[in-house]
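If you want the building blocks of each chain, they are given just below.
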Amino acid sequence: MKTGVFQFTPVFGDKEHNLRRIERVMEDVQADLLVLPELCTTGYLFTSAAEAQSMAESVPGGKTVRRLEAACRKKRLHVVAGLAEAAGGAFYNSAVLIGPEGWIGTYRKIHLFWKEKDWFARGNRPFKVWDIGKANVGLMICFDWIYPEAARSLALDGADILCHCANLVLPHCPDAMITRSLENRVFSITANRTGAESRGGSSELKFIGKSQMVGPWGEVLFRMDDKEEGVRLAEIDPKTARDKHIIPANDIFEDRKPEYYTG
Ligand code: ACM
C-alpha cells in the first residue's frame, strides 16, 4: 500500500487557490492514501469565531468535500483532509476521510489548541476507525498527539494507520509520534503544513513542517524538512501493525493491565 502526505503552505482565506493546489497534486500522485494538513483549505489563524465560521462548510455536501470526492473518484484514491466544519449551528475543526465512492467519515478535533477554543466547539464523538479495504485507518488532528489516549483508543479499536492532520507550531510532535507508533505498534502519518501566518496584529505563528511517516517499530519511514513543499510517500504493509508482539513473549496489548491504571 502506498501512503503519504502533501506538505504545503495554504494561503489564508483563499479556499479556491488551496483546493486547486490539492487537486493538482491528487491528479499526479500514484498512491492509495494521501493525508493533508489540518484546516488545509482555509488556513489556521482566524481572528474571530465569526471569521472561522464564515469559512466552515457542511460535511458532506460542502465545497471542499465535493471537490475532494471528485478527485478521489477519478484517481481511485483515499484522502484524509482537515477542514472547518459547520454542523447544526456548531463549528468544528474536523478531518474527513474520502474514498473513490465518496465521503466515508468525519473526526471532530477533541483536544483543541490555544485560540481554537474560541473558534470551534470541542469534538463531540469518540475516536473512530474505518476499514478502507487495504487498511483500517483512524483519524486524529494535531494537538491530539500530546494525549496518548487518542492514539491508544484508535489502536485498541483496530487502526493499522493513524492519519494525523496537523498545523504544528511546537517542536515536540514529530519525535512524540515515534513513541505513539511504537507503544501501539501502528503506522502513523503526520501531515503538517509549512509557512507562517500573522493576522489581526497578532505575532507571527510559524508552522514547523516535518511531516513524517513512522512504522510500528518506531522507525521513521520519512521526515520532510521544515520548509519543503510537496508529496512524500512510503510503501507499507499495514497488516504488520496487527501483530502487537514486541518480543515473542510480549503482546503489548494482551499484556495491558487496565485495572491498575488511573483515568
Ligand atoms: C494544533 O493543534 N494545531 C497545534
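Up top you'll find the structure we're talking about.
Residues numbered from 1 in each chain as written. Predicted model: local features only at pLDDT ≥ 70, side-chain atom pairs only at ≥ 80, totals over all residues. Heavy atoms only, no water.

Requested: an account of the side chain of threonine 3, with residues and values cited.
Following the sequence through the fold, threonine 3 ends up in strand β1 (residues 2-7). Setting aside residues up to four positions removed in sequence, threonine 3 forms contacts with Leu33, Ile161, Ile189, Met213, Arg232, Leu233, Ala234 and Ile236. (Helix = DSSP H or I, 4+ residues; strand = E, 2+ residues; numbered from the N terminus. Contact = heavy atoms within 4.5 Å.)

Tell me about the packing of aromatic side chains, and please be specific about residues and values.
Centre-to-centre distance and the angle between the planes together describe a pair of aromatic rings. Applying the stated criterion to the full structure yields 9 aromatic pairs. Here the aromatic rings of tyrosine 107 and phenylalanine 127 are separated by 5.1 Å at their centres, their planes lie at 25°, and the arrangement is stacked. You can see tyrosine 107 sitting in strand β5 (residues 102-108) and its partner phenylalanine 127 sitting in the loop between α4 (116-119) and β6 (129-131), a full 20 residues away along the chain. Side by side, tyrosine 107 and phenylalanine 127 carry an identical accessibility label, which is buried. An aromatic cluster is present here, built from Phe12, Tyr44, Phe46, Trp119, Phe120 and Phe207 joined pairwise through their rings. One residue, arginine 185, lies across the ring of tryptophan 217, its end atom 4.1 Å from the ring centre. Over the ring of phenylalanine 12 we find arginine 199; its NZ or CZ atom is 3.7 Å from the centre of that ring. (Phe/Tyr/Trp six-rings, centres within 6.5 Å; stacked < 30°, edge-to-face > 60°. Buried < 20%, exposed > 50% of the residue type's maximum accessible area, 1.4 Å probe, protein only. Lys NZ or Arg CZ within 6 Å of the ring centre and 35° of its normal.)

How would you explain the sheet that holds β5 if you had to name every residue and give the values?
Across the sheet, which stays open at both edges, the 6 strands sit in the order β5-β4-β3-β2-β1-β14 with mixed pairing between neighbours. Because the sheet does not close on itself, it has two edges, and the strands there are β5 and β14 (230-235). If you compare each strand with its neighbour and ignore which way they point, the axes differ by 30° on average. The pairing of β1 with β14 spans 6 bridges and is classified as antiparallel. Counterpart to threonine 3 in the pairing with β14 is alanine 234. Lying over the sheet, helix α1 (residues 15-28) contacts β1, β2 (33-35), β3 (78-87) and β14, oriented at roughly 150° with respect to β1. Sitting on the sheet, helix α3 (residues 63-75) is in contact with β3, β4 (90-99) and β5, with an inclination near 10° to β4. (Pairing = 2+ DSSP bridges. Axes fitted to C-alpha atoms, helices over the stretch in contact; angles between N-to-C directions.)

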